[in-house]
Amino acid sequence: MAHARTVPSKNSADLARRLPNAELVIYPDAGHGGVFQFHRQFVETALEFLER
């Protein structure tokens, strides 16, 4: 069984600062399910990012 490990948002922000061209989006009150809870916004943001 797979387990989703959550990390503090500050760790994600630190990682994004260290990766060239990274873009971090944190959805409010979404926890680790943001991709599913905010799927329309996620897909739009991901496609815009990939088109660059």
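Residues numbered from 1 in each chain as written. Predicted model: local features only at pLDDT ≥ 70, side-chain atom pairs only at ≥ 80, totals over all residues. Heavy atoms only, no water.

Caption draft 1: Representation of unusual backbone geometry. In this structure, Asn 21 is a non-glycine residue whose phi angle is positive, near 65 degrees. Its place among the elements puts Asn 21 in the loop between helix H1 (9-18) and helix H2 (34-37). Positive phi, normally seen in glycine, also occurs at Asp 29, with a value near 55 degrees. Among the secondary structure elements, Asp 29 is positioned in the loop between H1 and H2. Judged by its relative accessible area of 80%, Asp 29 is exposed. (Helix = DSSP H or I, 4+ residues; strand = E, 2+ residues; numbered from the N terminus. Buried < 20%, exposed > 50% of the residue type's maximum accessible area, 1.4 Å probe, protein only.)

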